Amino acid sequence: MESFLFYAFAALVVISALAMILSRNLVHSALYMAAAFLGMAFVYLLLRADYIAVVQILVYVGAISILFVFGIMLTKRDRMDGSNGFNRYGIIAGLVGLALFALLARAVTVAGASRAAPPADVPQAPAGGSAVAISNLFLGQLALPLEASALLLLAALAGAVVIGKGREKSKC
Amino acid sequence: MLGLNHYLVLAALLFCIGFIGAVAKRNAIAVLMGVELMLNGVNLNLVAFDRFGNHAEPLGQAFAVFIVAVAAAEVAVALAMILTLYRKRGNTNVDDLEGLKW
């Protein structure tokens, strides 16, 4: 059952990702990207990472996809056919990507990591799923990196405003 | 039986599709979508190793959360740059961007 679900969701992710790359229409690409992110959330659920799955849906499917659609809306307003072609390195990039995948897949299979069986479902899994353990980590051992990432998000917020509005206009 | 390999190969596939999108597309927004796909592939690696590894704390999942935060910041800044570019250039074609300064 679990393998069937994995293959179904992996097929959803891979087909959406390929459609995103191959679609000639930028808006369709954005929608396929959202579908791929949604499929990834289900794969995370199969890995018993429920918190990451929810974050994936909230941040990627919810926020980042909408941000991309807004970006498309603010830059290109005429007909969208053929708005998303390949550049002059298309063929070379495809070959390099395939070669990279062949290399990575070979490395993974040769390493034979599949012999490592997954640990049995943790018996001491706390009620509330993985969120409890992750939040304990964030408020304890990883408190400083968490603050640093908050600072990064603040800097990105200010930077996006300054870059988007232009330096002169954003002075107050 | 599902092993670590299945997830790693899926992550590698996602990373490579994202790579092709990031390198081969003409529109800057599509390039950014490719980068997002690559980051997702890396995240899947981290979560899979966290699941199949043997440790008490979900450090891999915590790292994945950090990557999600960095990806969100990256998209916000990059889209602001693309909007500025569009205002100055009238299109978002990466083939036209050959100078470092204009």
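Rules and cut-offs
Residues numbered from 1 in each chain as written. Chains lettered and ligands numbered in written order. Predicted model: local features only at pLDDT ≥ 70, side-chain atom pairs only at ≥ 80, totals over all residues. Helix = DSSP H or I, 4+ residues; strand = E, 2+ residues; numbered from the N terminus. Rg over C-alpha atoms; globule rule 2.2 N^0.38 Å. Buried ≥ 20, exposed ≤ 12 C-beta atoms within 10 Å, placed from the backbone. Contact = placed C-beta atoms within 7 Å. Axes fitted to C-alpha atoms, helices over the stretch in contact; angles between N-to-C directions. Parallel < 35°, antiparallel > 145°, perpendicular 65-115°, else oblique. Left-handed = near helix turned anticlockwise from the far one by under 90°. Nonpolar A, V, L, I, M, F, W, Y, C, P; charged D, E, K, R; others polar.

(A) Structural detail: the overall build of chain B. Summing up its helical and strand segments, chain B has three helices and zero strands in all. Going from the N terminus to the C terminus, chain B shows its helices and strands as α-α-α. For 102 residues, the compact-globule formula gives about 13 Å, and the C-alpha radius of gyration of chain B, at 17 Å, lies well above that figure. When the backbone C-alpha atoms are referred to their principal axes, chain B occupies close to 55 × 25 × 15 Å. The 102 residues of chain B split such that 54% are buried. In chain B, the proportion of contacts linking residues at least 24 apart, taken out of those at least 6 apart, comes to 50%.

(B) Just the packing of helix α1 (residues 4-24) of chain B against helix α2 (residues 28-52) of chain B, in detail. Residues and elements named next belong to chain B. Running from N to C, α1 and α2 point in directions that differ by 165 degrees, and their axes come no closer than 7 Å. By the angle class used here, α1 and α2 are roughly antiparallel. Here α1 runs over α2; the crossing is left-handed. Looking at the contact of α1 with α2 residue by residue, the class counts come to 20 nonpolar, six polar and no charged.

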